[in-house]
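The lines below spell out each chain.
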Amino acid sequence: MDYTAFINLNSLTDEAKKELENFYEYLIFKYRQKTFQKKKENHHNFSEFLSTPIKSNDFKFLNREERNER
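Here's a quick rundown of the structure. (Residues numbered from 1 in each chain as written. Predicted model: local features only at pLDDT ≥ 70, side-chain atom pairs only at ≥ 80, totals over all residues. Heavy atoms only, no water.)

1. Re the overall build of the chain
(1) Moving on: If you tally the helices and strands in the chain, you get 2 helices and 0 strands.
(2) Moving on: A total accessible area of about 7,800 Å² is found for the chain, and carbon and sulfur atoms account for 56% of it. (Helix = DSSP H or I, 4+ residues; strand = E, 2+ residues; numbered from the N terminus. Areas by Shrake-Rupley, 256 points an atom, 1.4 Å probe, with all protein chains shown as cover.)

Right, dumping it as structure tokens:
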């Protein structure tokens, strides 16, 4: 996106300026709220993940030689 092209507010009517301002405020509100909720959800999911044991049906415990094999 090219940020050198700006909107010429002088070419808009008063009604269009007000609508643009309302839309801008809506976008700020929407995306601030999203980032806040994501952080909260991720923290909750991570703590739940740590408290739940991981189970595997096909786990094979390797002996020392097999673990150090390269």
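2. Brief notes about the packing of aromatic side chains
(1) Moving on: One pass over the structure, following the stated rule, counts 1 aromatic pair.
(2) Moving on: Here Phe 23 and Tyr 26 contribute two aromatic rings whose centre-to-centre distance is 6.3 Å and whose plane-to-plane angle is 35°, an arrangement assigned as tilted. Here the residue Phe 23 and the residue Tyr 26 both occupy positions in helix 1 (residues 14-51), the gap between them amounting to 3 residues, near one helical turn.
(3) Moving on: Judged by its relative accessible area of 43%, Tyr 26 falls in the partly exposed class. (Phe/Tyr/Trp six-rings, centres within 6.5 Å; stacked < 30°, edge-to-face > 60°. Buried < 20%, exposed > 50% of the residue type's maximum accessible area, 1.4 Å probe, protein only.)

3. Details of a nonpolar patch on the surface
(1) Moving on: On the surface, a nonpolar cluster with roughly 490 Å² of combined accessible area is contributed by Phe 46, Phe 49, Leu 50 and Ile 54.
(2) Moving on: Positionally, Leu 50 belongs in helix 1.
(3) Moving on: Classification of Leu 50 by relative accessible area gives exposed; the value is 58%. (Patch = residues over 30% accessible without salt bridge, like charges linked within 9 Å, V, L, I, M, F, W, Y side chains within 5 Å. Salt bridge = Lys/Arg side-chain N within 4 Å of Asp/Glu carboxyl O.)

Note that every value here comes from positions in space, so none of it alone points to a role or purpose.
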